[in-house]
Amino acid sequence: MNKLAFVFPGQGAQAVGMGKDFYDHYEVAKKLFKEADEALGYSIKDMCFEGPAEDLQLTANTQPAILTMSVIAAAVLKENGVEPDIAGGHSLGEYAALVAAGVLSFGDAVALVHKRGQYMQEAVPVGEGGMAAIIGLDDEVISDACEKASKEAGAVQPVNFNCPGQTVIAGTTAGVEAAAKALKDAGAKRAVVLPVSAPFHSTLMKPAAEKLAAELEHVDIQDAKIPVVSNYTGKLESKADEIKANLVAQADHPVHWVDCVKTMQSFGADVFVEAGPGRTLAGFNRRIDRSIKSLNVGDLASLQKTLDTLKEVR
């Protein structure tokens, strides 16, 4: 029997209209959108369905929106008899993985990531920090260029080790621009500035990590019912205390996604279902190991395709 991993996307996967398909056809989707709206005190459902895109892109909205959509996708899979043996999520997606593993209640997770988004935005005002994806260079070259740019222009560092040939850097706007230019000169195929409003997972997020630590003291965190991989360590975690500590560290430390995927494979997972909007993680999987069977569930069509494929491969 193949082991099944559920993986959950991070920021950047959002799109106006996401979740409507499920809302129209599944009671559990209606229930979860209602719960999210009540936890937030405003309608994330309306923002997901109608936008505007500018509001959905604000990190304090993006985070609960993607989390809600991702948890709904996992709930719909469960209603169709599909449950994970192991879970992981990229950055924000780690919170959806923890909901799937019974560590956090959905209501607590939604409220928490809304605050996480606010804290991250407060740590670095809009326009003063950014991120860029560097395509086609080794991590060592990227690290060296960031170190040099940090001394000359402003703080910048590698923060998302997504897959071979794609690493994301983050820091001050000037630092990111200087490093991106140097990396293009060093032979990067592309240096793509990302549409985000803060330098996530960089040391500039330390104030956000401190506020998040205080917030987590008031949240009920349980031991995991299934193993979850930590972005911070790249290893399996299941105990409530280590999960809490890793969530705090995750805010201002890099995401080791390649390690996370390899850990899930070592556990025995060879089929990965990306639950939530987009297919970003499936793309990373192709670059990490082409033998991974990657499926996704973001709407009714992809759900049906995934259910049909799982019947064949499991």
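What you are looking at is a predicted structure, and each value in this text was computed from that prediction instead of being measured.

The rules behind these values
- Residues numbered from 1 in each chain as written.
- Predicted model: local features only at pLDDT ≥ 70, side-chain atom pairs only at ≥ 80, totals over all residues.
- Heavy atoms only, no water.
- Patch = residues over 30% accessible without salt bridge, like charges linked within 9 Å, V, L, I, M, F, W, Y side chains within 5 Å.
- Areas by Shrake-Rupley, 256 points an atom, 1.4 Å probe, with all protein chains shown as cover.
- Salt bridge = Lys/Arg side-chain N within 4 Å of Asp/Glu carboxyl O.
- Lys, Arg positive; Asp, Glu negative; His and termini not counted.
- Charge placed at Lys NZ, Arg CZ, Asp CG, Glu CD.
- Helix = DSSP H or I, 4+ residues; strand = E, 2+ residues; numbered from the N terminus.
- Pairing = 2+ DSSP bridges.
- Axes fitted to C-alpha atoms, helices over the stretch in contact; angles between N-to-C directions.
- Buried < 20%, exposed > 50% of the residue type's maximum accessible area, 1.4 Å probe, protein only.
- Phe/Tyr/Trp six-rings, centres within 6.5 Å; stacked < 30°, edge-to-face > 60°.
- Lys NZ or Arg CZ within 6 Å of the ring centre and 35° of its normal.

Trainee: Quick question: what am I supposed to make of a positive patch on the surface here?
Mentor: Together, Arg279, Arg286, Arg290, Lys293 and Lys305 line one region of the surface with positive charge. Residue position: arginine 286 is located in helix H13 (residues 280-288).

Trainee: What exactly am I supposed to notice about the sheet that holds strand S6 (residues 190-193) here?
Mentor: Strands belonging to one sheet form pairs held by backbone hydrogen bonds; the direction of such a pair is parallel or antiparallel. Pairing in this open sheet of four strands is antiparallel, and the strands run S4-S5-S3-S6 from one edge to the other. In this open sheet, the two strands that pair with only one neighbour each are strand S4 (156-163) and S6. When the angles between neighbouring strand axes are averaged without regard to direction, this sheet yields 25 degrees. One ladder, built from four bridges, connects strand S3 (residues 129-135) with S6; its direction is antiparallel.

Trainee: Teacher, can you tell me more about the pattern of salt bridges here?
Mentor: Pairing between side chains of opposite charge can happen when the charged atoms of each approach one another. Following the criterion strictly, the structure yields twelve salt bridges and no others. A salt bridge links glutamate 122 to lysine 211; its shortest N-O distance comes to 2.9 Å. In this pair, glutamate 122 is assigned in helix H7 (residues 106-123) and lysine 211 in helix H10 (residues 206-216), connecting sequence segments 89 residues apart. A residue is classified by how much of its surface remains accessible, and glutamate 122, at 49% relative accessible area, is partly exposed. According to the relative accessible area criterion, lysine 211 is partly exposed, its value standing at 37%. Salt-bridge contacts for glutamate 217 lead to lysine 244; the nearest nitrogen and oxygen are separated by 3.8 Å. Residue glutamate 217 is found in the loop between H10 and strand S7 (228-229), and its partner lysine 244 is found in helix H11 (residues 240-251); the two are separated by 27 residues along the sequence. Classification of glutamate 217 as exposed rests on a relative accessible area of 54%.

Trainee: How should I be thinking about the packing of aromatic side chains in this particular structure?
Mentor: To describe a pair of aromatic rings, you give the distance between the ring centres and the angle between the ring planes. In this structure the tally under the stated criterion is five aromatic pairs. Seen in terms of ring centroids, phenylalanine 22 and tyrosine 26 are 6.4 Å apart; in terms of plane orientation they differ by 75 degrees. Their pairing is edge-to-face. Neither phenylalanine 22 nor tyrosine 26 differs from the other in exposure class; each is buried. Members of the aromatic cluster, connected to one another through ring pairs, are Tyr23, Phe33 and Phe49. A cation over an aromatic ring shows up here: lysine 3 above the ring of phenylalanine 267, its NZ or CZ 5.4 Å from the ring centre.

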